[in-house]
Every structure is written in structure tokens, then in C-alpha cells.
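# A closer look at the structure
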Amino acid sequence: MKEGDESDQEAFLRNRSLDEYVKTVMTHIRGCQKLSLELQGWHHYSDYVGVRNTIQEVNTRITNLITNIFQHQDIKLKLTHTKLLDQFDMVREGNDALLERINSDIDEASGLKKDTDFEPSVKVVQAPSSANTPSKNVVLMASRNVQKPQLFFKEKVDNSKKEPFIPMITEKPNSLKPLSILICLDGTQEYYSHPYEYELNHWMPDPAQLEKVKPRRPRPLGQTSLTMVTEVQQLEALVKELKTCSEIAVDLEHHAFRSYQGLTCLIQVSTRTKDYLIDPLALRGQLTILNEVFTNPKITKVLHGADFDILWLQRDCGVYVVNMFDTHQAAIVLEYPHRSLAALLSKFCDIQANKVYQRADWRIRPLPEDFMEYARQDSHYLLYVYDLMRNELIERGNQLNNLITAVYSRSVDICLKRYEKPFIGPESHMELYRRSRRTFDTKQMYALRELYLWRDNVAREQDESPDYVLPKHMLLQIAEVLPKEMQGVLACCNPIPPLVKTELLTIHTIIRAAREQKLLPVLEQSVEQQIPQVQLQMEELNTGLVISKHDLSTVDENPTDLPTLLNPRETLLGDLFSQPRVDVRVKLKSRMFGCVMSHLKHKDSLHREITKEFMSPYERYTAYQDLKPHLDGERKKREEPVDEAHIARVKEHFLCLSNNTPQEKSEAEEANVVIKQKRPRPSKEKKKSEMNTPIVLGDEIKEMKAMNSGQKRAVDNEGEAVNGENDESPSKKLKTNKADGDTKEGGKEKKDYRKVEDEEEKQEDDGREKGEEEEEEEGAYMESGEEEEEKSAAGSAPFDYDKADYSIFEGKPGKKFKSKQKYQQKFGGKGQRGRGFKSNMKSFSFGRGNTSRGGSRR
Ligand code: AMP
Ligand code: MN
Ligand code: ZN
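Notes on the structure follow. These numbers come from a predicted model, not from an experiment.

### Quick look at the nonpolar core
With 71 residues, the main nonpolar core has Ile 267, Ile 278, Leu 290, Phe 294, Phe 325, Met 389 and Leu 393 as its most contacted residues. In terms of residue count, the dominant contributor to this core is helix α13 (residues 382-396) (eight residues). Each residue touching Ile 278, except ones within four places of it in the same chain, is listed here: Val 229, Leu 235, Leu 238, Leu 266, Ile 267, Val 269, Leu 283, Leu 287 and Leu 290. Of all hydrophobic cores here, the second largest spans 46 residues; its members include Met 90, Leu 448, Leu 475 and Leu 504.

Right under this line is the structure:
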């Protein structure tokens, strides 16, 4: 202690008492406390402009820094204009996401993927049995430890949205015109022209190709040499050898789950004596040399169902095909009932092809022995099948060789196809929405759209299939539930896709934004939105063709021969409004579609407006009830002759009855109703007398029989007679009508069903038609995915990833429409986009109508 200090204290104490001293000190302390309370926190300091500005500046800098750091990792945070506490939460969540990613990346880099529960492994499962194929084992999907081959590609796959697919070739062997790849415009969509378009358009089969040959059966697989081609030298040797052949068989294997655009994983080539398996993953970027053979117009390339092989070859190998014979097209031209490769092998080679590996993970290296055996069998017999089909085509064709030429021309059309990247627009999610059969409000709709776009973006960036990023049923589930918490998002997914884990925050941000949307029922404006790809054309608007997608009344493809209540033109409404005396009250504007109606200024009569109006099934039902008595009469007027078998049955019945109780009047009357329909109309007096005199049924029937044999159709005015008998009991009338209607409708239904079945059958045994082409029309999958969605949306059964990827290949409802559209696209011309609007529109309405009929808006 210093002396001075002591003297100060002493001086202080000397002058005052302790009490006084304490008091003074306490006052000071209190003052300090008060002052410090006032001064506490930056609230006080921020009152000073200088301090405030500095704080704000620093704050902005920190927030921006954090946002930038996260943005760099593709995590979007909205830290500005957020409360401090929320900001803190967000940053924490962001950190979690980053750490999750780091974990996942480390695992991937070290070769063990943590999410083994998510990633499917090679497994043998029972494929569902269909009518004509017993259930069989198939190998499904990925082995969990396959590394993504893309990681080793020298040139990264370009998944960008903006840039159209650029043909890979830099040289053009076998050219008639020098290589020039032009950039073209299709609407607003840019694309690069087909490098061999000119050559294909000027290609004609060599006359020798149109002559019959002696079929050459290949040696069994065991006695045929098999060469793996994994190196450039081997490839060059192969090309050299193939150049000596006049025909070769080619097939491809493909994998789609773990890449955005899909990957060609194997190219099988068979000559008359040898089989080759080319590894396009190992030889990526070096396969264009194959063009020397594949575009050689003198060498026939035999493929089966090449629609996709052609695109895959372009995309992954830069290979084009000139002079192709597609055995699937041949099977179509020859009108074979079964057109799959397996069916052809069974028919021509007596080989029961083992399709177990069709959906296997073809990226696996080294390729397992059984995979190789499977793969080579797809091309091994193809040249022999070609020989046989070629002969049959020539035999069954005319002098101009119409059949075989047709096969070549169809094959050229396939070769002319251009690969294009999947296109995703702002309305792409609508297809998924439609097929989901759910009803969303604006919030859910917002979430669906944003999640859909997010999923596509992530898939492009990570080079994964959108279904790997987030399977459709989970996407729908999240959009529907709009979980408040991040945990809720995870709860919608079982198992949780890895990218959902790492991108959880983004998903959650989308959901939060969705929850902030204004709540509107979505239906009103979305009727038109729901027809996204189909622009509404003025013409259609004026004619009122697009009033309602459910209204099939004006669509040509609507089968007019099916007498259903839902078919206004032919049955109910047709009658309804052609009868001016009938008083029916139909809502002029259905609430649901009112807004669409309102801008269609129909000056026409009420009649026209009404017939085009949407009527809910209930409205139809009530209208029908009102009109039933009248309609029954009308229907009878138009009634066609009753089906012979039915008459016979009724005859028999009444013969029986007349034997037992010949006098019973009511039954006699009933018989009369039926019988009368078949008879020429008697004069009024005669009829009256008939009514009064007892009927001897046996005679009546004999008489009728005689007349029936000569005359099939009842006289028009018979309906009048029936009307006169309206006092008969309703049940009886119903009986007559029903039996009648049943036979008629039943017959037609059957016919229709057969048609459907036929189409489905074709599809079923036709790998190509149910192949991955649907990838291009993404939504189309949903038809088959739907069931799964509904099953697994409940979250109980874990979702089967194997199925998620390939659900499209399973025969499920809705295929009929799909196949039809596909067929039209396939054979309706060769343009790929910008096809006639009208036909699209029609198929669209048709398909929708079908689904909505059986739909879930019950
Ligand atoms: P393929 O020509 O029958 O060997 O089929 C070639 C590729 O198309 C296969 O590797 C699969 O990627 C795909 N594919 C064809 N049919 C099916 C199917 N039914 N299910 C799943 N993928 C298929
Ligand atoms: Mn194939
Ligand atoms: Zn194959």
C-alpha cells in the first residue's frame, strides 16, 4: 500500500463516521447500478447514429457471409429480415445439413455407402404374374457397392437445362454429305440436327436384302466364342472384323436409376459366328469408331425394338445407325400376336429366353458370368430370326415387296430419331398431379411445383434420376402433408432417400414458403392449368371443345357406340334436349367449371350450351330419374331387335309358364311385351282385340319364329304400343329393359374389353413398348406408380426402390391410353415434338375421361 492512499482513507475516515461513509458509498453504488441498467445492451448504444450504423454494417456483412457460405453449398437461407433467434436456428440447421453432406461424401469417397437401407441391392424377386405369363424370378436393380461410373468419365455428363444435347461425333464415316450439325429451332426449343439425316433419307435397301435367303442357324452359345471388348485395340480389331460382315446383330443394356439421363452399360454384337460384349463405360468417348460399321449402308444392323437403343447409342456413344432391320417392326408388319424378343426366340429358335436379368444393374464390373450369358443371348440368335422373318416378309409380301420394304422404312424412321435431354417445364408437375388423383389447394400445389423443380435440379446436379432423389409418391406425400417440422418431412419418406437427408433444409424452406401462400381452392383456375402442354387454341375455345376435360361429348374419339349414362350425345342428354317438351332443370353453370364457361360467349341456344355443360354424375342421375319414364318410352321406340338368345330364353320361360298356368294374366302380358317387339305392328283395333282375347303363347311363338326368320327388325312405331302399356308394373318393365340392355351393353363391353386386352397383351409381351421410353413422358409412369403411391403413402410398408425405378414396366391400369398415344406417336409421323395439337388434345381428353370415370373422386 502506498502511503498517500492510506492518508486519503485516513483523512476521509477522520472527518466522517462509518455510517456516513457507508451511506455515501451505497449512494454511489446505486447510482452506478442505475446508470449501468440504463446503459445496458446495444439498445442504448444504437441510439447513437454512429454506433447504429456500425452495428448494422457489421450485421449485414456477417449475414451475407453466412448466406454466401451456405449458398456456395447450395443451401438457401433467408437470414435477412429474420429475428435473431430464427437466424440462429437457421444457421444451426444449415450446419447440420452441411455436416450430413460431408458425412455422406466421405462415405461415398471411401467406397462404403452408409445408406444401405436405401440403396437397393441385387436381389431376385418374383415378378407379378400376368394372364399369359406365369410369375417368374427377376434380378432387380443396383448392387449397393457399385460406384457411379460417371465419376470416371473424362468429360462430365451435361445435364444442363439450357444446352440442348450436342451430338458427340467429330467425324462422319460413310457420309454422302459432309458433317454439319446445325442448330435448329422447334418452337422455342433448340436442338442440333441429326448428323445422318441426309444419309438416312437417301438410303434404300440393297436389292440383295430383298431376296430370300437360306436361314443360317447359329451354333449353340457354348460353341460360340465370346469376346469382351474393354480396350481401344480390341475395339479397333472388332470394327475391322465387323466391316467384313454383311449383317450383324446388336443389342444394348441400360441403367437409369443412378444417373439423370441414363447410361448405356453394355453393347452386345453378334456376327454369324461370334459374340462380343463391348463395355461402353470403359470405352466412353472412344466408341464413335463404331460408326464405320453402324452407318455403313451396306451392312445390315439387326436389332430388336431399337427405339431406345438408337437414342442410347447417340447419347452415350455418338453412334448412329444406317441400314437397320428391326425385328420388332417386322413382327408388327407380320402381325404376330406376340412381338417380344422372347416370343420370337421361342417361335423361331425354340428357346425359352431367360429375361431374369432385364432389369439388373448392368453397371456392375466386372460383369458377372451369368450377366454375360444373359446379355449375349439377346443378340446371339437375332441374325437367324432375321433370316426367317425376312423370308416370311418376302413370301407374304406382294411383287413390290411391300412388307419387307415397310419394315425397312419403319426402321429408318427409328434411326432418324434424335436424342434429346429430358425436358422439364414449370408445368411438368401437373402430369404427376393429375395421375395422383389427389386434390390440392394452392399451398399444396405450390409445394408440389417447387419440390418437383427442386427434385429435377438436384437430379441434374448430382447426376441421379429424379426418382432416386425423391420418389414420386414421397414427393406427393410431402406436398400434401406440408409438414411443419423437418422431422415431418422425413416422416413422409420411408426409407429416407439420401438426398432428402442432405437437402432437408431446402425442402423445408420450400414447405415453409408453401405454407405462406394464400389459401385458395385450386380447382377453379386450374382446369386450364391442368391441360398444360396442350395450349388452348382459339378455335377450340370458340367451339367450346375445352369446357371440361371430363366432358367427352364433343370428342371424336369418344366411342359413340357405348350406351352409358356418361355419354351425353348418344344417350341421355341427346334425348334430353331433343325433346322440347321435357322440363329439366340443369344448372346453367356448374360451379366447378363456371369460370371457364364464362369467357366462352355462346350466343347459341340454350340447348347447345347445356349439352356442352359439365354435369356431375349426381346431376346426371337426378336428371335421369326425372326423365326415366319418358326415356324408357323413347328407348323402346328406337329399340333394336332383341337378341336371339334372349328371345329364346324368354320363350322357354313362358312356354314353361303357359304350360303350368296358362291363364295367369300378368305373365301373359309380360310375354306380350316381349313378343310384340318382334312383330310387325298390328292395327290399333287388332291390338285392342288382342289385348282382350286370351293369348295362346305356343301359337304366338310359332308365329313369331316364322316372322323372325325373315324379318329382323321391329317396326319403328312399336314404341307407341309400349307406351300404351305404361301401366305395367315398373319391375316388369325394368326386367324387360334390363335384360335387353344387358345383352346389348354387355356385348359391346366385351368387344371393347377384348380390344383393350389385345393392346395390353401386345404390350405385355413386348419389352420395347413398355420400355423406358416412358422416361420421356415422365408423367406416364405415374399411371403405374399410382398404386404404389397409394399403398406406400400411408407410410406403413417400406417403399420398394426397385419398383420405384421400373414401375413403368409393369402392366397397370391406364396403359390402354398410354399405348394408344404411344402408337400414334410412333407411327403417326416422324417428328418428335410439335405434333398436331388436335390429336394430342383428343387423346388427352380420352385418357382423362377414362381415368376420371373410374376415378377416386367418389
Ligand atoms: P433389352 O433390349 O430387352 O435387353 O433391354 C435393354 C434395356 O432396357 C435393359 O437393360 C433395361 O435397362 C431396359 N428394359 C427393357 N425392358 C425392361 C423392363 N421390362 N423392365 C426394366 N427395364 C427394362
Ligand atoms: Mn434391346
Ligand atoms: Zn438386351
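The rest of the description comes next.
### Section: the pattern of salt bridges
By the definition in use, this model includes 28 salt bridges. Its salt-bridge partner being Arg 258, residue Glu 464 comes within 2.6 Å of it at the nearest N-O pair. Taken as a pair, Glu 464 in the loop between α16 (442-462) and α17 (466-469) and Arg 258 in the loop between β6 (247-255) and β7 (263-270) lie far apart in primary sequence, 206 residues in all. Accessibility assignment for this pair places Glu 464 and Arg 258 in one class, buried. The partner of Arg 455 in a salt bridge is Asp 467, with the nearest N and O atoms 3.4 Å apart. Note that Arg 455 is positioned in helix α16 and Asp 467 in helix α17, a separation of 12 residues in sequence. Judged by its relative accessible area of 1%, Arg 455 falls in the buried class. Overall, Asp 467 belongs to the buried group, its relative accessible area being 11%. Through salt bridges with shared partners, a single network forms among Arg 216, Glu 247, Arg 272 and Asp 387.

### Overview of the sheet that holds strand β9 (residues 300-303)
Taken together, six strands build an open sheet; the order of strands is β5-β8-β7-β6-β9-β10 and the sheet is mixed. Of all strands in the sheet, those bounded by a partner on one side alone are β5 (225-229) and β10 (324-326). Across this sheet, the average inter-strand angle for adjacent strands is 25°, counted without regard to direction. This element, helix α9 (residues 307-317), spans β6, β7, β9 and β10 of the sheet and lies at about 115° to β7. Where helix α14 (residues 402-415) meets the sheet, it contacts β9 and β10, and its direction lies at approximately 105° from that of β10.

### Topic: unusual backbone geometry
A cis amide bond links Arg 365 with the next residue in sequence, Pro 366, at an omega value of -10°. Mapping Pro 366 onto the fold places it in the loop between α11 (341-349) and α12 (369-380). Pro 495 follows Asn 494 through a cis peptide bond whose omega is 0°. Within the secondary structure, Pro 495 sits in the loop between α19 (486-491) and α20 (498-502). Positioned with a positive phi, Asn 323 is a non-glycine residue whose angle comes to about 75°. Relative to the helices and strands, Asn 323 resides in the loop between α9 and β10. Classification of Asn 323 as buried rests on a relative accessible area of 1%.

Rules of the game
Residues numbered from 1 in each chain as written. Chains lettered and ligands numbered in written order. Predicted model: local features only at pLDDT ≥ 70, side-chain atom pairs only at ≥ 80, totals over all residues. Heavy atoms only, no water. Core = buried A, V, L, I, M, F, W, Y, C linked by side-chain atoms within 4.5 Å. Buried < 20%, exposed > 50% of the residue type's maximum accessible area, 1.4 Å probe, protein only. Helix = DSSP H or I, 4+ residues; strand = E, 2+ residues; numbered from the N terminus. Contact = heavy atoms within 4.5 Å. Salt bridge = Lys/Arg side-chain N within 4 Å of Asp/Glu carboxyl O. Pairing = 2+ DSSP bridges. Axes fitted to C-alpha atoms, helices over the stretch in contact; angles between N-to-C directions.

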